[in-house]
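Each chain, letter by letter, is given below.
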Amino acid sequence: MTNTVPWTPNALADLRECLDLMTADGTVPGGVIAHGTFDTEPGYLASGVVAPECGDARPGPDTVYDVASLTKVLATWPLVGTSLMVGFTLDTPTRELLTGIPTEAPGGRVTVSQILAHTSGLRADTRLDQYRHRAETLAELICGEDLIAEPGAGHRYINRGFILLGLALAHYRGRRLDKLAAELWQDLGMTSTTYGPVPRSAQVAPTEQRLNGGPRLWGMPHDDNAALLGGVAGHAGVFTTPADLAAFATHLLTSHATGEPLGRWLAYSMRPQAEIEPGLDRGLAWILADEGRVAYHHGFTGTSLYLAPATGRYLAICTNAVYHHQDNRTRLAPLRALALKAITDEP
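As the structure is a prediction and not an experimental result, all values here were calculated from the model.

Chemist: Would you take a moment to explain helix 10 (residues 328-344) for this structure?
Modeler: An α-helical turn contains 3.6 residues, so any two residues separated by three or four positions project in the same direction. A rise of 1.5 Å per residue sets the reference length of helix 10, with its 17 residues, at 24 Å; its end C-alpha atoms lie 23 Å apart and thus fit the reference within 8%. In the structure, helix 10 departs most strongly from a straight axis at P334, where the bend amounts to approximately 40°. Within the span of helix 10, buried status applies to N328, L332, L335, R336, A339, L340, A342 and I343. Looking at the buried positions of helix 10, the neighbouring elements they touch are helix 1 (9-24), strand 1 (30-37), strand 8 (287-289), strand 9 (294-299), strand 10 (303-308) and strand 11 (313-319).

The structure is reproduced here in structure tokens:
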């Protein structure tokens, strides 16, 4: 078993101060940071309000956030891990996991591991609206596009690979992706995690107002391509709470410490597959830092999840940063950098 390293009051105070400052300067309406170790109850740091539309409702463990690309590690990645037990393999070309993909289709030779590692060579732009009124299936259309790089040649973050992987999982397992994911989340005790859309309420954080004077996205997936797919996709579309992210992290870290299946899958996925930049590598789905000891992932809406199996610690950040700003990556950078430093540093 891993000897867990508890969070220090100073590290948590720094995170709280940063979140409070971001709330005060309008970077986010508010937010929640879940923190803990796999053998302790989670703690929560909260600031601000859910959103002006929600009155004086304060964000907390049960506030529902659109987590955008965290879908990749909350749904698609663990479903690949559980599918490995039923014959799915990482080296299988996507055309063998689907039907109707011509042998000569460029994307059909891309493997599951290449998609997870973002080394697939598939086109980086993900404009699914360009496929409207086409007779072919979405999988055929994605696989039929010319590749922009040789598969496995280098790292480039590509959403459409995870869209394709979501389609492949559903076809191979014979069930809709949201049904497969719901069963997984239920097993992990994640009772508030679901694919959208979700009903509007003061407990659900709104995101972006696309048109001046128009309605704000609230309970609808922020990602356009997930919305075009009815809210269910391999790359985005999931809504969850800080409490459920803590439950997910706790299960992964516990499983890692005890050698259970999802824990072994996490350990395997934390092997570097491609360099992103000096000091950062891509594993299978996860970004790896601290010489491979920390795994994390971000969501465009303003969310992040960090895992440190060596110390048993985790952090989850939930904000709706796109409420005010589309350049939220820059604005969230100080909090995300502080979170990475906090989970990397040992007291």
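Moving on from the coordinates now.
Chemist: Any chance you could explain the state of the cysteines here in plain terms?
Modeler: What we call a disulfide is simply a covalent bond connecting the sulfur atoms of a pair of cysteines. Within this structure, the stated rule accounts for zero disulfides. In this structure C318 is not part of a disulfide, and its nearest cysteine sulfur, from C54, lies 15 Å away.

Chemist: I'm lost on the side chain of R336 in this one. Help?
Modeler: Looking at the secondary structure, you find R336 in helix 10. Given a relative accessible area of 11%, R336 falls into the buried group. Here the side chain of R336 touches S304 through a polar contact of 3.0 Å, side chain to side chain. Apart from the residues lying within four places of it in its own chain, the contact partners of R336 are H298, G299, G302, T303, S304, Y306 and R329.

Chemist: Help me understand helix 9 (residues 261-269) in this model?
Modeler: All buried positions along helix 9 are accounted for by L262, G263, W265, L266 and S269. Seen from one end, helix 9 has its buried residues packed into an arc of 160°, which puts them on one side.

Chemist: Honestly, the layout of surface pockets in this entry has me stumped. Any pointers?
Modeler: Any empty space left between the atoms is revealed when a probe the size of a water molecule rolls over them. By volume, the largest pocket is sized at about 720 Å³. The wall of the largest pocket is formed by 28 residues, among which S69, Y157, H298, F300 and R329 lie closest to the centre. Mapped onto the lining of the largest pocket, the elements with two or more residues apiece are helix 7 (224-228), strand 6 (274-277), strand 7 (280-282), strand 9 and helix 10. Counted as a void, the second largest pocket has a volume near 220 Å³. Together, L138, I163, G166, L167, A170, R176, L177, D178, L229, V232, A233 and G234 line the second largest pocket. When residues of the lining of the second largest pocket are traced back to their parent elements, those giving at least two are helix 5 (159-173) and helix 6 (177-187). The class makeup of the residues in the lining of the second largest pocket is eight nonpolar, two polar and two charged.

Chemist: Would you mind going over the sheet that holds strand 6 with me for this structure?
Modeler: Picture the strands of a sheet paired through backbone hydrogen bonds; they go either parallel or antiparallel. Taken in spatial order, the eight strands make up an open sheet running 2-1-11-10-9-8-7-6, and their pairing is antiparallel. The two strands at the open ends of the sheet, each matched to only one other strand, are strand 2 (43-48) and strand 6. Taken pair by pair, the neighbouring strands of this sheet meet at an average axis angle of 20°, ignoring direction. In the sheet, strand 1 pairs with strand 2 via six bridges, with the strands oriented antiparallel. Note that in strand 2 the partner of H35 across the bridge is G43.

Chemist: Looking at this model, I keep getting lost on unusual backbone geometry. Mind explaining?
Modeler: Excluding glycine, residues mostly have negative phi values, and the peptide bonds linking residues are mostly trans. The linkage connecting G196 with the following residue, P197, adopts the cis geometry, with an omega of 0°. Mapped onto the fold, P197 is located in the loop between strand 4 (194-195) and helix 7. Of note in the backbone geometry, H133 takes a positive phi value of approximately 70° without being a glycine. Secondary-structure assignment places H133 in the loop between helix 3 (112-116) and helix 4 (138-144). Although it is not a glycine, D290 adopts a positive phi angle of roughly 55°. Assignment of secondary structure puts D290 in the loop between strand 8 and strand 9.

Chemist: Is there a simple way to explain the packing of helix 2 (residues 71-83) against helix 6 in this structure?
Modeler: Any two packed helices are characterised by how steeply their axes cross, that is the angle between the axes, and by the distance between the axes. For the pair helix 2 and helix 6, interaxial distance at closest approach is 10 Å and the crossing angle is 80°. What the angle tells us is that helix 2 and helix 6 run roughly perpendicular. Contacts between helix 2 and helix 6 involve L74, A75, P78, L79 and T82 from the first element and L177, L180, A181, L184 and W185 from the second. Grouping the constituent residues of the contact of helix 2 with helix 6 by class yields nine nonpolar, one polar and no charged.

Chemist: Would you take a moment to explain the side chain of T27 for this structure?
Modeler: Looking at the element boundaries, T27 is found in the loop between helix 1 and strand 1. Residue T27 is classed as buried on the basis of its relative accessible area of 5%. In this structure the side chain of T27 is engaged in a polar contact, spanning 2.7 Å, whose partner is the side chain of D25. If sequence neighbours within four positions are ignored, T27 has contacts with M22, A321, H324, H325 and R331.

Chemist: Can you walk me through the sheet that holds strand 3 (residues 65-66) in this structure?
Modeler: As summarised here, the arrangement of the three strands in space is 3-5-4, forming an open sheet in which the pairing is antiparallel. The strands lining the two open edges of the sheet, one partner per strand, are strand 3 and strand 4. Alignment of strand 3 against strand 5 (residues 238-240), held across two bridges, turns out to be antiparallel. When the sheet's bridge partners are listed, D66 is paired in strand 5 with F239.

Chemist: I would appreciate a short explanation of the packing of aromatic side chains in the present structure.
Modeler: In this description, a pair of aromatic rings is defined by centroid distance and the angle of the planes. What the rule picks out here adds up to six aromatic pairs. The interplanar angle of 15° and the centroid separation of 5.9 Å between the aromatic rings of W77 and W265 together place this pair among those described as stacked. Note that W77 is positioned in helix 2 and W265 in helix 9, a separation of 188 residues in sequence. In this structure W77 comes out as buried when scored by relative accessible area, which is 0%. Ring centres 5.3 Å apart and planes at 20° place the aromatic pair Y296 and Y306 in the stacked group. Remark: Y306 occurs in strand 10 and Y296 occurs in strand 9; sequence separation between them is ten residues. On the basis of relative accessible area, Y296 is assigned to the buried category, the value being 6%.

Rules and cut-offs
- Residues numbered from 1 in each chain as written.
- Predicted model: local features only at pLDDT ≥ 70, side-chain atom pairs only at ≥ 80, totals over all residues.
- Heavy atoms only, no water.
- Helix = DSSP H or I, 4+ residues; strand = E, 2+ residues; numbered from the N terminus.
- Expected span 1.5 Å × (residues − 1).
- Bend = angle between axes of the 7 residues up to and from the residue.
- Buried < 20%, exposed > 50% of the residue type's maximum accessible area, 1.4 Å probe, protein only.
- Contact = heavy atoms within 4.5 Å.
- Disulfide = S-S within 2.5 Å.
- Polar contact = N/O pair within 3.5 Å; in protein donor to acceptor, adjacent residues only side chain to side chain.
- Arc of directions from axis to C-beta.
- 1 Å grid on protein atoms, 1.4 Å probe; cavity = no way out; pocket = protein on both sides within 12 Å on 5 of 7 lines; lining within 4 Å.
- Points joined across faces, edges and corners; volume = space filled by probe spheres on them.
- Nonpolar A, V, L, I, M, F, W, Y, C, P; charged D, E, K, R; others polar.
- Pairing = 2+ DSSP bridges.
- Axes fitted to C-alpha atoms, helices over the stretch in contact; angles between N-to-C directions.
- Parallel < 35°, antiparallel > 145°, perpendicular 65-115°, else oblique.
- Phe/Tyr/Trp six-rings, centres within 6.5 Å; stacked < 30°, edge-to-face > 60°.

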